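The residues making up each chain are set out below.
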Amino acid sequence: MTKFECINVALGERSYDIIIGGQLLNTAGDFIKSVIRSDRVIIVTDQNVAPLYLIKLTTSLEMAGISVRKIILPSGEQTKSIGHFEKLTDEILAMKVDRNVALIALGGGVIGDLTGYAAASILRGIDFVQVPTTLLSQVDSSVGGKTGINSRHGKNLIGAFYQPRLVIADIDVLDSLPKREILAGYAEIAKYGLINNIDFFAWLEEFGSELCEGNKEYRRKAVFVSCKSKAEIITKDETEQNIRALLNLGHTFGHALETETGFSNKLLHGESISIGICLAFDLSFLLGLCSKSDVKRTRNHFATIGLPTNLSEIDDINWNTETLLNHMLSDKKTKNGEVNFILTKGIGKSFVARNINMKDVHIVVEQAIQQR
Ligand code: GLY
């Protein structure tokens with residue numbers, strides 16, 4: 001058996017393991033067999049991932065005595081739509097499935113979120129397993145049970161909290177990712193250090209560049225620490241009533257930027273989070289909550305890694321402060337016209353801030369636009 005580590009997400013009867021290691025696709029069948037209710041699965045994947053890993057995963061499942069059906073969807077954020085949700089659920093129901101069938105999401109965040117939501121909805125809930133193939137989905141979206149699709153009114157506005165039965169994070173599949181995708185995932189890794197783990201952030205300052213260049217031991221450690229941090233938070237607050245919101249550090253700003261760029265390749269989710277975290281630190285400094293040196297340390301680290309930290313780095317977008325503030329007001333995290341932000345008292349000291357005056361947000365965004 002290949003060497004692997006296991007983190008348990010302790011949620012009572014919805015508990016599950018996150019398995020992290022190398023060469024795990026070869027043994028995924030045995031892991032999956034131990035958590036599913038029948039010997040039938042449907043793998044949902046996309047056109048980019050299928051040529052790389054579908055045969056390997058299928059072989060491993062079949063060797064474990066599991067019969068496999070496959071659905072291959074177009075790749076990209078556009079697939080996380082009501083239209084594709086309808087097609088996917090239709091295709092699965094046409095296979096005359098019963099409640100014991102399990103879905104396996106083989107792909108990045110789009111495939112994981114869509115497949116998870118299909119699993120939550122079909123026959124009022126069937127099992128699903130996450131096999132994330134991007135760094136971002138290994139350290140964030142595959143863990144914690146946020147499933148869903150985008151609406152024309154905004155990102156992830158339709159969805160459900162629905163936990164997978166298992167997450168298998170194979171570090172070796174990251175080898176096929178373009179550098180830009182690795183960096184985008186890295187922003188979410190750094191987020192865990194900035195939320196509540198200054199030692200991890202210091203470790204990333206030392207080893208982050210090598211991690212992004214391909215060092216597998218550092219990648220394994222970063223995925224492990226990130227998943228462990230997330231699992232601890234999810235265990236305490238599965239449905240984001242309080243501390244789970246910390247995982248949204250940089251996301252209020254970031255989602256506004258993504259909405260403005262149309263969720264396109266102009267700005268990947270992780271890139272928007274990199275800029276969003278920098279703006280959250282700027283706002284914290286403006287409000288007298290954190291030191292200038294912490295703002296600089298954070299900005300320097302993202303810039304050294306090669307992530308964007310300013311709006312000016314994103315080409316061909318005519319940024320407008322009022323428009324970005326309006327996007328924030330339409331975000332699903334907004335309640336009674338009040339936008340919640342995750343702010344910080346310094347590296348590793350993030351907290352949920354309510355009643356933020358949008359005039360202060362205006363100053364920070366305007367400043368970020370003027371840095372062009
Ligand atoms: N990605 C943030 C969360 O899962 O809560």
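Just so we're clear, the structure is a prediction, and the values are computed from it rather than from any experiment.

Caption draft 1: Summary view of the nonpolar core. Membership of the largest hydrophobic core comes to 79 residues, with the highest contact counts inside it found for Phe253, Met328, Phe341 and Val361. Per element, the largest residue contribution to this core is nine residues, and it comes from helix α6 (residues 179-196). Within the second largest apolar cluster, 27 residues are counted, among which are Ala28, Leu57, Leu61 and Ala102.

Caption draft 2: Broad picture of the side chain of Ser274. Examined against the element boundaries, Ser274 turns out to sit in helix α10 (residues 269-286). What makes Ser274 buried here is its relative accessible area of 0%. Setting aside its immediate chain neighbours within four residues, Ser274 contacts Ala187, Phe302, Leu307 and Pro308.

Caption draft 3: Representation of the packing of α6 against α10 within the structure. Running from N to C, α6 and α10 cross one another at 35°; their axes reach a closest spacing of 7 Å. Once α6 is placed against α10, the crossing between them reads as left-handed. On α10, the residues that touch Arg180, Ala184, Ala187, Glu188, Lys191 and Leu194 of α6 are His269, Gly270, Glu271, Ile273, Ser274, Ile277 and Phe281. Across the contact of α6 with α10, the residue classes break down as six nonpolar, three polar and four charged.

Caption draft 4: Spatial organisation of the packing of aromatic side chains. Going through the model one piece at a time under the given rule, you end up with eight aromatic pairs. Between Phe253 and Phe341, the ring centres sit 5.2 Å apart and the planes meet at 50°, which makes this aromatic pair tilted. Of the two residues, Phe253 is situated in helix α9 (residues 251-260) and Phe341 in strand β10 (residues 341-344); the sequence distance between them amounts to 88 residues. Directly above the ring of Tyr192 sits Lys191, whose terminal nitrogen or CZ lies 5.2 Å from the centroid. If you follow Lys345 out to its NZ or CZ, it ends over the ring of Phe351, 4.9 Å from the centre.

Caption draft 5: Summary view of the environment of Val143. Along the chain, the position of Val143 falls in the loop between α5 (135-141) and β7 (146-151). Judged by relative accessible area, Val143 falls into the buried class, the value being 1%. Between the alpha carbons of Val143 and Ile18 there is a distance of 7.9 Å; along the sequence they are 125 residues apart.

Caption draft 6: Spotlight on helix α8 (residues 216-236). When the terminal C-alpha atoms of α8 are compared, their 30 Å separation across 21 residues agrees well with the 30 Å that a helix rising 1.5 Å per residue should span. Two or three places before Glu217, at the start of α8, stands the capping residue Asn215, its side-chain oxygen 3.0 Å from that residue's backbone nitrogen.

Caption draft 7: Inspection of the site of the ligand at higher detail. Contacts to the ligand come from Asp140, Lys146, Lys230, Glu240, Arg244, Leu247 and Asn248. One of the side-chain nitrogen or oxygen atoms of Asp140 is found 3.1 Å away from a nitrogen atom of the ligand. The side chain of Lys230 places a nitrogen or oxygen atom 2.6 Å from an oxygen atom of the ligand. Considered on its own, the ligand offers 200 Å² of accessible surface; in the complex 90% of this is hidden by protein. The residue inventory of the shell around the ligand, partitioned by class, reads one nonpolar, one polar and five charged.

Caption draft 8: Representation of the packing of α6 against helix α7 (residues 198-213) within the structure. Direction vectors running N to C along α6 and α7 enclose 170°, while the axes themselves pass 8 Å from each other. As summarised for this structure, α6 and α7 are arranged roughly antiparallel, according to the angle between their axes. Residues Lys179, Ile182, Leu183, Tyr186, Ile189, Ala190, Tyr192, Gly193, Leu194 and Asn196 of α6 pack against Ile198, Phe200, Phe201, Leu204, Gly208, Leu211, Cys212 and Glu213 of α7. Among the residues making up the contact of α6 with α7, the classes are represented as 13 nonpolar, three polar and two charged.

Rules used throughout
Residues numbered from 1 in each chain as written. Predicted model: local features only at pLDDT ≥ 70, side-chain atom pairs only at ≥ 80, totals over all residues. Heavy atoms only, no water. Core = buried A, V, L, I, M, F, W, Y, C linked by side-chain atoms within 4.5 Å. Buried < 20%, exposed > 50% of the residue type's maximum accessible area, 1.4 Å probe, protein only. Helix = DSSP H or I, 4+ residues; strand = E, 2+ residues; numbered from the N terminus. Contact = heavy atoms within 4.5 Å. Axes fitted to C-alpha atoms, helices over the stretch in contact; angles between N-to-C directions. Left-handed = near helix turned anticlockwise from the far one by under 90°. Nonpolar A, V, L, I, M, F, W, Y, C, P; charged D, E, K, R; others polar. Phe/Tyr/Trp six-rings, centres within 6.5 Å; stacked < 30°, edge-to-face > 60°. Lys NZ or Arg CZ within 6 Å of the ring centre and 35° of its normal. Expected span 1.5 Å × (residues − 1). Polar contact = N/O pair within 3.5 Å; in protein donor to acceptor, adjacent residues only side chain to side chain. Near = heavy atom within 4 Å. Areas by Shrake-Rupley, 256 points an atom, 1.4 Å probe, with all protein chains shown as cover. Parallel < 35°, antiparallel > 145°, perpendicular 65-115°, else oblique.

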